[in-house]
Amino acid sequence: MQNKPTIAVIGGTGDLGSGLARLWAAAGFPIIVGSRAKERAQAKAQELAAQTAGTVRGDDNRGAAQAADVVVLCVPYSNHDATLEEIKPAMDGKILVDAVVPLVPPKVSVVQLPAAGSPAAVAQRVLGPQVRVAAAFHNVGAKKLHGGEKVDCDVLVFADDIKVREQAEALTSVLIAINRRYKVPGAGIRITGLPAPEIP
């Protein structure tokens, strides 16, 4: 049986990061919670380990990235570029999943794509070709991850095409606007019309 990859969740003390870390730990993936403050990461890791009975530990961002096979970036947009520079020495040959959305408060329900390109495109430029970068989880609300029920939406994952990544990140603002307009806690996206998977 193949071992599951170790996942570092950089920004794992925040809502989205801790929600992803909790679900992956419960599914048996070894998790490293990363934070600028190692003590905060360790405290959150202890909390998540108690909730899930999973293997969860905390470290600073670079230490978490160094020890992981896959790194998921869930920091606020304002910290995105600095965090990339911080973890860059630990990223060669790894996969980065960029879940950062270019939200600029207070207009978080308005799509604001930065002139430099999507965060995933920036990540690829900063980290270089030796790191495989994907954009994902932009359409999954943190409240869904912490709700305790099955997350009832599809996760969209994008890579290699800058225009496609920008569309994925813009979905977050659209979902926030839907949440506000219809007063729902966590709108999601469901892909329909696909054939049902065959179950052996």
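What counts and what doesn't
Residues numbered from 1 in each chain as written. Predicted model: local features only at pLDDT ≥ 70, side-chain atom pairs only at ≥ 80, totals over all residues. Heavy atoms only, no water. Phe/Tyr/Trp six-rings, centres within 6.5 Å; stacked < 30°, edge-to-face > 60°. Lys NZ or Arg CZ within 6 Å of the ring centre and 35° of its normal. Buried < 20%, exposed > 50% of the residue type's maximum accessible area, 1.4 Å probe, protein only. Helix = DSSP H or I, 4+ residues; strand = E, 2+ residues; numbered from the N terminus. Pairing = 2+ DSSP bridges. Right-handed = clockwise from strand over helix to strand, strands pointing away. Polar contact = N/O pair within 3.5 Å; in protein donor to acceptor, adjacent residues only side chain to side chain. Contact = heavy atoms within 4.5 Å. Axes fitted to C-alpha atoms, helices over the stretch in contact; angles between N-to-C directions.

Attention now moves to the packing of aromatic side chains. Inspection of every chain in the model, using the stated rule, returns one aromatic pair. Its end group placed over the ring of Phe29, Lys4 keeps NZ or CZ at 4.8 Å from the ring centre.

The subject of this paragraph is the pairing of strand S4 (residues 70-73). Taking every second residue as pointing to the same face, both faces of S4 are buried, with Val70 and Val72 on one and Val71 and Leu73 on the other. Where strand S1 (residues 7-10) meets S4, four bridges bridge the pair, whose relative direction is parallel. Among the inter-strand pairings, Ile10 is bridged to a residue of S4, identified as Leu73. The parallel pair S4 and strand S5 (residues 95-98) is bridged by helix H4 (residues 80-87), and the resulting crossover is right-handed.

What follows is about the side chain of Asn61. Positionally, Asn61 belongs in helix H3 (residues 61-67). Here Glu86 takes part through its side chain, which lies 3.3 Å from a polar atom of the side chain of Asn61. With near-sequence residues (within four places) excluded, Asn61 lies in contact with Ile10, Gly11, Gly34, Ser35, Arg36, Thr83, Glu86 and Ile87.

With respect to topology, seven strands assemble into an open sheet ordered S3-S2-S1-S4-S5-S6-S7, the strand pairing being mixed. Each having just a single partner strand, strand S3 (56-60) and strand S7 (157-158) make up the two edges of the open sheet. Pairing between strand S6 (residues 132-136) and S7: two bridges, direction antiparallel. In the sheet register, Ala136 faces S7, and the bridge partner there is Val157. Most of the contacts of helix H2 (residues 38-52) go to S3, to which it runs at about 170 degrees, and overall it touches strand S2 (31-35) and S3. The strands touched by helix H5 (residues 119-127) are S5 and S6; relative to S5, the strand with the most contacts, the crossing angle is about 150 degrees.

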